Amino acid sequence: MTPPLRIGNASGFYGDRFDALREMLTGGELDVLTGDYLAELTMLILGRDRLKDPGAGYARTFLRQLEECLGLAQERGVRIVANAGGLNPAGLAVRVRELADRLGLPVRVAHVEGDDLTAAHPGSLAAHAYLGGFGIAECLRAGADVVVTGRVTDAALVTGPAAAHFGWGPGDHDRLAGAVVAGHVLECGTQATGGNYSFFTEGGHDLRRPGFPLAELHEDGTAVITKHPGTGGFVDVGTVTAQLLYETQGARYAGPDVTARLDTVRLTPDGPDRVRISGVRGEAPPPALKVGLNRLGGFRNEVVFVLTGLDIEAKAALVRAQMEPSLTKAAVSRWELVRTDRVDAATEETASALLRLVVRDPDQATVGRALSGAAIELALASYPGFHVLAPPGKGAPYGVFEDVYVPHGAVDHVAVLHDGRRVTVAPPQETAVLEEVPRPPLPSLPERLAGGSVVRAPLGLVVGARSGDKGGNANVGVWARTDAAWRWLAHTLTVDRLRELLPETADLPVTRHDLPGLRALNFVVAGILGEGVAAQHRFDPQAKALGEWLRSRHVDIPEVLL
C-alpha cells in the first residue's frame, strides 16, 4: 500500500509571511511543500508588472524565499510546487534554474503552461484559464524537484502531487475530490490554523503567529489536516469548517479535474490539532474551464472628509452640495458617511465621523486634478473644522475582473519537464454539466428546535461565519457547532432573514445552499462587489468581514443555546 503523502502550505497569497517556507521545511516531516501566490487581484498586479517589463509577471517573493531555502528543501527531500509563475511560469522556471546554478544545487525545475489566453481576448490585460493538477503530476512523475505554474486552481497544487504519488487517473473522481477538499483547506495557509477565525477568543490558543497547515493524504482520498508540532494556532473541526466554506458557492465545488460534493464531506477529530476529512464524493468535471479576465476599467480617486463634533449630518450635507458641481462629469461617484463619532467624546478622534467620496471615470483628468482641486479649495469655505485624512492624488488605475468559460480543448495544457520535454495533458474524457444540488424541502431539514424563552443577542454567540469574494459576488458561510444550534439555524436564517440582517443585500440576488454534513449554510450574494476587488466598489472590497457583520446583528436566540 502506498504510504501517505504529507503535503504542506507555505503561502496563502502574494505577500504572505516570508519566513513560512523555512518554518515549514524545518518544523517537521514533509514530502511536498506548496505555495499559493495568486488571486484575482494578484493577476491584475502581475499584468501591470508585465506592461512595464515583458520579462516580469511572476511572484518575485518566491525567488527570494528559494534563495534562502532551496538547499534546505533538497537536503530534506521535499519537493516544492507553487503557482508563483503567475503570468510567466517559463520565465520563473529560468530564474529558478539560474538560482540553483548560482547556489551549486543540482535542482530539477519544471513548469506548467497553457493557461494564458490573453491573445484570444482583445482588450484584456490578462486572461488565464484555471488549469487542473495533471500537468503538475506529469512534472513530478518525471522527477522534478521544483514545479512552478501559472493560473491553476488553488486545489490543483494538492491534486497534482497526490495524483503523481498515488497513481490516480482522471477517472478517480472520489479520490481526486478528497484531494480537492484537502487542497481547499490548505490553500489559504493559516486560515486553517486559527487565523481569521470567528471564535478566536476561545480556548486560550496562542494566535500571535499561527503555524501553517499540512495534510496527510491517503490513497483512498481521505486526509488529516494538522500542523507541525509546537507551532502557534490550532486545528479543530471549526477551523477546518470555516475554511471549507471560504469562497465556495453551492454543494458542488467544480474544478477542472473533478467536481467535489461538499455536501458529502465529513469532519471528525483525530487527536490534538488533527481533523480527519472523509466521505468526499466526486463527480466528473464540467465540460468548460473557467477563464479569469482582468482589464483596466479606468481611474479611481477618493477623499475622506473629517466631520467633528456637532451637526454631523448638516456638515456632510454642506460639503456634498459644494462638491456636487465638480462631480457631474464623473461616470461614478459614491458618498458614504461613517458614523464613528461619539457623544461627549473624550478625544477629538472619537468625536469625529468620516465622509468618504469615491469617484471613478475612464478619464484620469476627471478623477484627478478636477477632484483634488475642488476638495482642497473648500479648506476655508466649508463646514467648521474642515480637514481631510489625506489630499486626494491624481487618480489611480483600477481593474475589472470577470470570468468566462471555454471548452477544455480550447486550452493547450502542457507540462514542460525538467529536461525540456513537452508533454501535452489531455482534457478529461468524461465531463458532466454542472447543476445545482436541489435544496431539500422543509421536511428534509433537521427537526425544529423546541420552543422556549429567547434572548435578544448577537447571532455570533451561536454561529461562526467566514466570507469572501468571487469576482463581483460574495459568499457568506455560516455554521453551527452543535446539533441543537444547527436545528435552530437551518430554520431561522432564511434568505429573507439574511436580507433583513444585511440591508446592503436587500435588492441583490441571494441564493442559500444547505450543507447539513457541516451543519452549515452558504449564501451567495450576487453583484455586491460590483466589478470585483480591483474596482474597489465597496468599503470591504473582498467581503472579508461580511460574515462578521452578520454575526454582530442581533436576533432572538433560544436561551437554551446560550
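Residues numbered from 1 in each chain as written. Predicted model: local features only at pLDDT ≥ 70, side-chain atom pairs only at ≥ 80, totals over all residues. Heavy atoms only, no water.

Asks: Looking at this structure, how should I read the overall build of the protein chain?
Replies: Along the backbone of the protein chain there are 14 helices and 26 strands. Here the C-alpha atoms of the protein chain give a radius of gyration of 25 Å, agreeing with the 24 Å that 2.2 N^0.38 yields for 562 residues. Here the C-alpha coordinates of the protein chain stretch approximately 75 × 65 × 45 Å along the principal axes. Sequence separation of at least 24 residues holds for 75% of the intrachain contacts in the protein chain that already meet a minimum separation of 6. On the protein chain, roughly 23,500 Å² of surface is accessible, and the fraction owed to carbon and sulfur atoms is 52%. (Helix = DSSP H or I, 4+ residues; strand = E, 2+ residues; numbered from the N terminus. Rg over C-alpha atoms; globule rule 2.2 N^0.38 Å. Contact = heavy atoms within 4.5 Å. Areas by Shrake-Rupley, 256 points an atom, 1.4 Å probe, with all protein chains shown as cover.)

Asks: Help me out: how do you make sense of the layout of surface pockets in this one?
Replies: Once rolled over the atoms, a probe with the size of a water molecule shows which space is left empty. Reported here for the second largest pocket is a volume of approximately 470 Å³. Here the residues of the lining of the second largest pocket sort into 11 nonpolar, eight polar and four charged. (1 Å grid on protein atoms, 1.4 Å probe; cavity = no way out; pocket = protein on both sides within 12 Å on 5 of 7 lines; lining within 4 Å. Points joined across faces, edges and corners; volume = space filled by probe spheres on them. Nonpolar A, V, L, I, M, F, W, Y, C, P; charged D, E, K, R; others polar.)

Asks: Sorry if this is basic, but what is going on with helix α8 (residues 237-245) here?
Replies: Most of α8 sits out of view: eight of its nine residues are buried. Listed as buried for α8 are Gly238, Thr239, Val240, Thr241, Ala242, Gln243, Leu244 and Leu245. At the C-terminal side of α8, Glu247 shows a positive phi close to 55°. (Buried < 20%, exposed > 50% of the residue type's maximum accessible area, 1.4 Å probe, protein only.)

Asks: Quick question: what am I supposed to make of the pattern of salt bridges here?
Replies: Opposite charge on two side chains permits them to pair, given that their charged atoms come into close proximity. Overall, the coordinates contain 33 salt bridges when judged by the stated rule. The partner of Asp270 in a salt bridge is Arg274, and the shortest N-O contact between them spans 3.2 Å. For Asp270, a relative accessible area of 27% puts it in the partly exposed group. Taken together, the shared-partner salt bridges in this structure form one network comprising Arg6, Glu216, Asp270, Arg274 and Arg276. (Salt bridge = Lys/Arg side-chain N within 4 Å of Asp/Glu carboxyl O.)

Asks: Can you walk me through the side chain of Thr241 in this structure?
Replies: If you trace the backbone, Thr241 turns up in helix α8. You can call Thr241 buried: its relative accessible area is 3%. In this structure Thr241 touches Leu267, Trp479 and Leu518, once residues within four positions along its chain are discounted.

Asks: How should the sheet that holds strand β8 (residues 223-227) be read in this particular structure?
Replies: Across a sheet, paired strands are connected by hydrogen bonds in the backbone, their directions being either parallel or antiparallel. The strand order across the open sheet built from 11 strands is β11-β12-β8-β7-β1-β2-β3-β6-β4-β19-β20, with neighbouring strands paired in mixed fashion. The sheet is open, and its two edges are formed by β11 (266-269) and β20 (422-424), each paired on a single side. Averaged over all pairs of adjacent strands, the angle between their axes in this sheet comes to 20°, without regard to strand direction. As paired strands, β8 and strand β12 (residues 275-278) are joined by three bridges and run antiparallel to one another. Counterpart to Ala223 in the pairing with β12 is Ile277. (Pairing = 2+ DSSP bridges. Axes fitted to C-alpha atoms, helices over the stretch in contact; angles between N-to-C directions.)

Asks: Quick question: what am I supposed to make of the packing of aromatic side chains here?
Replies: Each aromatic ring pair is summarised here by two numbers: the centre-to-centre distance and the angle between the ring planes. Following the criterion strictly, the structure yields nine aromatic pairs and no others. Arranged with centres 5.9 Å apart and planes meeting at 65°, the rings of Phe305 and Phe386 form a pair that is edge-to-face. Of the two residues, Phe305 sits in strand β14 (residues 288-308) while Phe386 sits in the loop between α11 (369-376) and β17 (387-388), which places them 81 residues apart along the sequence. For Phe305, a relative accessible area of 0% translates into the label buried. Owing to a relative accessible area of 15%, Phe386 belongs among the buried residues under this scheme. Between Tyr383 and Phe386, the ring centres sit 5.2 Å apart and the planes meet at 45°, which makes this aromatic pair tilted. Like Phe386, Tyr383 is buried. An aromatic cluster is present here, built from Tyr197, Phe199, Phe234 and Trp479 joined pairwise through their rings. Taking NZ or CZ as reference, Arg481 lies 3.5 Å from the ring centre of Phe199, over its face. Stacked on the ring of Phe199, the Lys or Arg Arg551 has its end atom at 5.0 Å from the ring centre. (Phe/Tyr/Trp six-rings, centres within 6.5 Å; stacked < 30°, edge-to-face > 60°. Lys NZ or Arg CZ within 6 Å of the ring centre and 35° of its normal.)

Asks: So what exactly am I meant to see when it comes to the packing of helix α3 (residues 60-76) against helix α4 (residues 89-103) here?
Replies: Between two packed helices, the angle of one axis relative to the other and the distance separating the axes together describe the packing. Two elements in contact, α3 and α4, have axes whose closest approach is 10 Å; the angle formed by their N-to-C orientations is 30°. By the angle between their axes, α3 is roughly parallel relative to α4. By crossing handedness, the relation of α3 to α4 is classed as right-handed. Counted together, Phe62, Leu63, Leu66, Glu67 and Leu70 of α3 and Leu92, Arg95, Val96, Leu99, Ala100, Arg102 and Leu103 of α4 form the full contact between these two elements. By residue class, the composition of the contact of α3 with α4 is nine nonpolar, no polar and three charged. (Parallel < 35°, antiparallel > 145°, perpendicular 65-115°, else oblique. Left-handed = near helix turned anticlockwise from the far one by under 90°.)

Asks: I keep staring at the environment of Ala144 and nothing clicks. Help me out?
Replies: Checked against the element boundaries, Ala144 lands in the loop between α5 (134-141) and β6 (146-149). Not counting chain neighbours up to four residues away, the residues in contact with Ala144 comprise Arg79, Arg108, Ala110, Cys139 and His418.

Asks: Whenever I open this one, the nonpolar core confuses me. Can you help?
Replies: General note: in soluble globular proteins, nonpolar side chains tend to be found buried as a group. The biggest cluster of nonpolar side chains holds 69 residues, and the ones touching the most others in it are Leu217 and Val265. Top element by residues in this core is helix α7 (residues 173-186). It accounts for eight residues. When neighbours within four sequence positions are excluded, Leu217 is seen to be in contact with Pro4, Leu5, Ile7, Val158, Ala162, Phe166, Ala179, Ala182, Thr222 and Ala223. Among the nonpolar cores identified, the runner-up in size contains 33 residues, and Tyr37, Leu70, Ile80 and Leu105 belong to it. (Core = buried A, V, L, I, M, F, W, Y, C linked by side-chain atoms within 4.5 Å.)

Asks: What is the right way to look at the environment of Arg276 in this model?
Replies: By the element assignment, Arg276 lies in strand β12. Looking at Arg276, the relative accessible area reads 26%, which means it is partly exposed. Taking the C-alpha atoms as reference, Arg276 lies 37 Å from Asn294; in sequence the two are 18 residues apart. Residues contacting Arg276, with those up to four places away along its chain left out, are His218, Thr222, Ala223, Val224, Arg266, Leu267, Thr268 and Asp270.

Asks: Would you explain the sheet that holds strand β23 (residues 473-480) in this entry?
Replies: Spatially, four strands are ordered β22-β23-β25-β24 in an open sheet, and the strand pairing comes out antiparallel. Each having just a single partner strand, β22 (463-470) and β24 (510-515) make up the two edges of the open sheet. Ignoring strand direction, the axes of neighbouring strands in this sheet form an average angle of 20°. Pairing analysis gives six bridges linking β24 to strand β25 (residues 520-525), with the strands arranged antiparallel. Looking across to β25, one finds that Arg512 is bridged to Phe523. Packing of helix α12 (residues 483-492) onto the sheet brings it into contact with β22, β23, β24 and β25, and relative to β23 it is tilted by some 140°.

So, to be careful, I would describe these as geometric facts and stop short of saying anything about function.
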